[in-house]
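Each chain, written out:
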Amino acid sequence: MTRPKAGQEHWVGGFHAVTSAVRSEQAQVVRLAVDRRDRRGRDLERLCRELGVRVERVSRETLDALLEGSHQGVAVRVAEGAGVRNEDDLEVLLDGAGPAPLLLILEGVTDPRNLGACLRSADAAGACAVIVPRSRSAPLTAAARKTASGAAETLPLVAVSNLARTLRDLEARGFLRVGLADDGAGTLWDLSLTGPVALVLGAEETGLRRLTRELCDHLAALPMAGTVESLNVSVAAGVALFEVVRQRRPGP
């Protein structure tokens, strides 16, 4: 995953994703294409003009040609990969993250829709960032942004050049590094997740690499009651993230 080159852009559709992209300082919105005349559409046009974003009224057929799937009558042109942070940004984020930050780390997740779904779950669970390796990772494409439903514009996505070094740095910061693995010694439910936590997930087919496994403090499984061997990575991420949320809820 690299920073976008000049002219490397794509369309993002869906009202929530479009609104979040327009409001974001990171998304680098170029223009808005809109085919709706209701109040929400007019409000979005007004916001774009206030922010200096070019607005074009187009036909539904034009939007259908620009985007696959549902666009809800609006689309924006954004720089591909815009908003992706680096290691220096991660340091700043963690310095201001509070006493018990939650991170989601994805290794080898190459499907943009899985990346988008993970961003959405991580945002909902209150994570402070999602971390991916700069290589062998899905880029922040239109499909990822659409699936994230606005989370790609609000939750930092950090691409690091050396994931092993990042895991060592997190250890120095006091993070509990928990890798999800089918052969984990216990389940995620067995761990205390109330302090700083980094959840580490690998690709469905290959799982975590050997070095990544060795750099985790625990390898934990999700309890499986049926016949399937594993969950989709975005589903597993959602389950794991909200186990952290559950443990951190106040009360008896």
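All of the points below concern the structure found in this document. The structure presented is a predicted model; accordingly, all values stated were derived computationally and were not measured.

## Digging into the packing of helix α5 (residues 112–124) against helix α10 (residues 233–248)
Contact geometry for α5 and α10: axes closest at 9 Å, N-to-C directions at 10°. When the axes of α5 and α10 are compared, the pair comes out roughly parallel. Residues N114, A117, C118, S121, A122 and A124 of α5 form the contact with α10, whose own contacting residues are V233, S234, A237, G238, L241 and F242. Considering only residue class, the contact of α5 with α10 consists of 8 nonpolar, 4 polar and no charged.

## Focus on the environment of F15
By secondary structure assignment, the location of F15 is in helix α1 (residues 15–23). Taking the C-alpha atoms as reference points, F15 and S149, 134 residues apart in sequence, are found 8.7 Å from one another.

## Some remarks on the packing of α1 against helix α2 (residues 39–50)
Here α1 crosses α2 at 20°, and the two axes come no closer than 10 Å. Judged by the angle between their axes, α1 and α2 are roughly parallel. Handedness of the α1/α2 crossing: left-handed. Contacts between α1 and α2 involve F15, V18, T19, V22 and R23 from the first element and R40, G41, L44, L47 and C48 from the second. Residue classes in the contact of α1 with α2 are distributed as 6 nonpolar, 2 polar and 2 charged.

Conventions adopted
Residues numbered from 1 in each chain as written. Predicted model: local features only at pLDDT ≥ 70, side-chain atom pairs only at ≥ 80, totals over all residues. Heavy atoms only, no water. Axes fitted to C-alpha atoms, helices over the stretch in contact; angles between N-to-C directions. Helix = DSSP H or I, 4+ residues; strand = E, 2+ residues; numbered from the N terminus. Parallel < 35°, antiparallel > 145°, perpendicular 65-115°, else oblique. Contact = heavy atoms within 4.5 Å. Nonpolar A, V, L, I, M, F, W, Y, C, P; charged D, E, K, R; others polar. Left-handed = near helix turned anticlockwise from the far one by under 90°.

Bear in mind that shape data such as this cannot, by itself, settle questions of function.
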